[in-house]
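The chain contents come next:
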Amino acid sequence: MEERLARLQEKYEAMGQDMTSYLDGLLYADFLTYWDYIHLDTLLSLQSPKTPFPDEQIFIIYHQITELYFKLCLHECEQITAAEPLTAVFFTARLQRINRYFEALTQSFEIMVDGMDKEQFLKFRMSLLPASGFQSGQYRMIEIYATDFVNLVVSDKRDELRDKTIEEQFEYLYWKFGATELSTGKKTLTLKQFEKKYARTFIELGKASVQYNFYMLYKQFKATSQATPEMEYELKQLDINVNVNWPLSHYKSAVRYLNREPEEIKATGGTNWQKYLPPRFQKRIFYPTLWNSEELENWGKGWVEKVLKGE
């Protein structure tokens, strides 16, 4: 106890503070409770359904859970870019954490695929317009941290825009083409709202990540012979988790709720989910040099057919 008091005394003296005053404060402080620590009452009050349909509560809570997982992913992204020096071991361990978060999300997405009454969903979803999960700014930031900005450009423009500015590349990001009006090709209100709120943030993060996105960091480790098989494995898993498994989970949900004859129902906000979600159409690949030519050619092939067959 005397040793600890001495160390406390040193700590507070170094800060120019009086230790005795802090100890007096401890005498009157209440004990910390679980519910206060995680702000449980506030957390449980953050669901505000727009309709009387009970399953809308499921829809809201699951999306909130998703955003919390994205926040965990961004927490790891920020640790990676801030580490000084960044070691291969630290980089690999943080990639592994991000993969765990995405795997937990993907495995839990059955809540969205099979966990709601279809007729309730098709009714309450109309009260959400033009809001859409497409508008997750955190998800876009994870993508920007993960790879060179040009790899997020729509596939048929990547080579043309490879040496252009971040601002020029931004105009052709793949997700913009999933939020255009199906009949006119114009930007949906969903996309206009999204760009108004986040465009500057995405562009600034893209510029800041030119030298510190995960692909660039991997290439730096590779150039100095520090890249390991474990690092490459985690990067490939991240590629699959973000660009195949996660959008495929959403595709399964869209097929479940929106796939109707004679034509599919539009997603909230009018997003073109049929072209936007399937991995084989977008061919978003964070780390192309880690995959062989056959894997690149067949990226996402077969997954969509498997979902449509209900396997």
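A. Spatial organisation of the packing of aromatic side chains. One pass over the structure, following the stated rule, counts 25 aromatic pairs. Seen in terms of ring centroids, Trp175 and Phe194 are 5.2 Å apart; in terms of plane orientation they differ by 70°. Their pairing is edge-to-face. Of this pair, Trp175 sits in the loop between helix H11 (166-170) and helix H12 (189-208) while Phe194 is found in helix H12, placing the two residues 19 residues apart along the sequence. Summarising the aromatic geometry, the rings of Trp175 and Phe202 are spaced 6.0 Å apart at their centres and angled 75° between planes, so their arrangement reads as edge-to-face. Of the two residues, Trp175 sits in the loop between H11 and H12 while Phe202 sits in helix H12, which places them 27 residues apart along the sequence. Residue class for Trp175 comes out buried when judged on its relative accessible area of 2%. For Phe202, a relative accessible area of 1% translates into the label buried. Site record: aromatic cluster; members linked through ring pairs are Tyr62, Phe70, Phe102, Phe109, Tyr139 and Trp246. The residue whose ring lies beneath Lys11 is Tyr12, and the NZ or CZ to ring-centre distance is 5.7 Å. It is Lys197 that lies over the ring of Tyr198; its NZ or CZ is 5.4 Å from the centre.

B. Molecular detail of the nonpolar core. Counting residues in hydrophobic clusters, the biggest one holds 67 residues, and the most contacted among them are Phe91, Phe102, Trp175, Phe214, Leu235 and Tyr287. When sequence neighbours within four positions are dropped, the list of residues in contact with Leu235 reads Phe91, Leu95, Phe214, Tyr218, Tyr287 and Leu290.

C. Structural view of the pattern of salt bridges. Overall, the coordinates contain 12 salt bridges when judged by the stated rule. Lys219 is the partner of Asp148 in a salt bridge, and the nearest nitrogen-oxygen pair spans 3.2 Å. Within this pair, whereas Asp148 is found in the loop between helix H9 (137-146) and helix H10 (158-161), its partner Lys219 is found in helix H13 (residues 214-223), the two being separated by 71 residues in sequence. Taking the relative accessible area as the measure of exposure, Lys219 reaches 33% and is therefore partly exposed. With a shortest N-O distance of 2.5 Å, Lys207 and Glu167 are connected by a salt bridge. Here Lys207, found in helix H12, pairs with Glu167, found in helix H11; they are 40 residues apart in sequence, far enough to count as distant. In this structure Lys207 comes out as partly exposed when scored by relative accessible area, which is 41%. One salt-bridge network, in which partners are shared between bridges, spans Glu171, Lys176, Lys187 and Glu195.

Reading guide: rules and limits
Residues numbered from 1 in each chain as written. Predicted model: local features only at pLDDT ≥ 70, side-chain atom pairs only at ≥ 80, totals over all residues. Heavy atoms only, no water. Phe/Tyr/Trp six-rings, centres within 6.5 Å; stacked < 30°, edge-to-face > 60°. Helix = DSSP H or I, 4+ residues; strand = E, 2+ residues; numbered from the N terminus. Buried < 20%, exposed > 50% of the residue type's maximum accessible area, 1.4 Å probe, protein only. Lys NZ or Arg CZ within 6 Å of the ring centre and 35° of its normal. Core = buried A, V, L, I, M, F, W, Y, C linked by side-chain atoms within 4.5 Å. Contact = heavy atoms within 4.5 Å. Salt bridge = Lys/Arg side-chain N within 4 Å of Asp/Glu carboxyl O.

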